[in-house]
Amino acid sequence: MDICKSHENTSKCSVNTMECFMVLSTQAQKISIATLCGLFGTLCISENSLVLYLIFSSPGTRRKPSYLFISSLALADILASIIFVCSFVNFHVFNETDFSKEMFLLQLGGVNTSFSASLSSLLLTALDRYICITRPSEYKLLMTRKRAWIALGVLWVTCAAIASLPLLGWNCCTLNSTCSKLFPFVDDNYLSSWICFIMVLLGCIIYAYVHVLWRARHHVAYMEKHQAQAGKQNTRMRMDVMLARTLVIVLTVLVLCWSPVLVLMIYSIFASLSNHLRKVFAFCSTLCLLNSMVNPIIYALRSKELYSSLRRVFSQFRRQLKASEESPEAESTHKSSVIETVCEDTHVT
């Protein structure tokens, strides 16, 4: 306990100080964290693996930039689930300390890279929809596959570079600076910079989706004033209403999952944290994993094309089990899904 108290005022960097960050004191708390991580992690890996299979098993979807961004999101969420669950459970549940400072910072860098890449992929998805609804006539010219791959390459390299800075020397042990009260060996200035990076990502995502939501709502109001023009316009109005509802879900889930963690991180920079707040932070960290779990439901499986692909996969699976003839219903579903325009694909998701 004396070591923990001295750690709050100095930059002690011995492995023994890691025990000060193991705040789960009761067996019930450890079981709760292990259950949440196991449940969210398993569902997240299963859902996002299914999304990747559905996208790359169909030539029509894997060629579109919007689905490349969703693939990046799914890959980042899978990596986040694996690295976060393994390192988090080992540290907080099994109280594993038999590793070096470099190994801990490597694990932390993997978690930061995957979660940062997940949010960055959400940003690219938001920008994709922003361009689609604001400049629909130029969308295919602006959003090409080459530009999408370049954007994804820049995204992953940037996230990996920022996350590896503590391992490369920006840590409180090397600099003999103030250590974070939430993460062992992490410099407070680095934590502040990483928080600013995440806040910028979230701000851009929220701005893009709020603007898209405003455009959709404006279009619905315009269509209601011109009810005489029916048919295709009424169909478009229903799509805009669906888009508005989806974006409300997107923003609500994003804010609810990330706000508690970011608020506690910011608070830890300016004030001391009690053990109770550290326990709260440990449980709130699982909300980021929850966000990765619901991402494929919000962004992927609400897509008409991916939903049609999912139905085809299930129908093929049933045919293999029953050893019967191919169902014409799945084939007609596939044909109808190809007719959609690229903006309709991105709007509905």
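Residues numbered from 1 in each chain as written. Predicted model: local features only at pLDDT ≥ 70, side-chain atom pairs only at ≥ 80, totals over all residues. Heavy atoms only, no water.

The name an unreviewed UniProt entry assigns to the protein is Cannabinoid receptor 2, from the organism Falco tinnunculus.

This paragraph deals with the overall build of the protein. For the protein, the count of helices and strands is 15 helices and zero strands. In the protein, which comprises 349 residues, the share counted as buried stands at 48%. Pairs at least 24 apart in sequence give 79% of the contacts found in the protein among residues at least 6 apart. On the protein, roughly 17,200 Å² of surface is accessible, and the fraction owed to carbon and sulfur atoms is 64%. (Helix = DSSP H or I, 4+ residues; strand = E, 2+ residues; numbered from the N terminus. Buried < 20%, exposed > 50% of the residue type's maximum accessible area, 1.4 Å probe, protein only. Contact = heavy atoms within 4.5 Å. Areas by Shrake-Rupley, 256 points an atom, 1.4 Å probe, with all protein chains shown as cover.)

Notably, asparagine 176 is not glycine yet its phi reads approximately 55°, a positive angle. With respect to the helices, strands and loops of the structure, asparagine 176 is situated in the loop between helix H9 (172-175) and helix H10 (188-225). Of note, the phi angle at phenylalanine 185 is positive, near 70°, even though the residue is not glycine. Turning to its location among the elements, phenylalanine 185 is positioned in the loop between H9 and H10. Here phenylalanine 185 falls in the buried class, since its relative accessible area comes to 2%.

Further remarks concern the nonpolar core. Ranked by size, the top nonpolar core spans 62 residues in total, and within it Phe84, Phe104, Leu119, Phe183, Ile198, Trp258 and Met265 carry the most contacts. At the level of elements, helix H2 (27-56), helix H4 (65-92), helix H5 (101-134), H10, helix H11 (232-270) and helix H12 (275-300) are the ones that each hand at least two residues to this core. Apart from the residues within four sequence positions on either side, phenylalanine 84 is in contact with Cys37, Leu79, Val89, Val111, Phe115, Ser285, Thr286 and Leu289. In this structure, Phe69, Ala148, Leu155 and Cys159 belong to the second largest nonpolar core, which totals 12 residues. (Core = buried A, V, L, I, M, F, W, Y, C linked by side-chain atoms within 4.5 Å.)

Within the structure shown, the criterion is met by seven aromatic pairs. Ring plane angle 75° and centroid distance 5.3 Å describe the contact between tryptophan 170 and tyrosine 190, whose orientation is recorded as edge-to-face. Of the two residues, tryptophan 170 is situated in the loop between helix H8 (165-168) and H9 and tyrosine 190 in helix H10; the sequence distance between them amounts to 20 residues. Among the residues examined, tryptophan 170 registers a relative accessible area of 29% and is labelled partly exposed. Judged by relative accessible area, which is 3%, tyrosine 190 ranks as buried. Here the aromatic residues Phe84, Phe88, Phe115 and Trp258 are joined through ring pairs into a cluster of three or more. The ring of phenylalanine 21 has arginine 278 lying over it, and the distance from NZ or CZ to the ring centre is 5.6 Å. (Phe/Tyr/Trp six-rings, centres within 6.5 Å; stacked < 30°, edge-to-face > 60°. Lys NZ or Arg CZ within 6 Å of the ring centre and 35° of its normal.)

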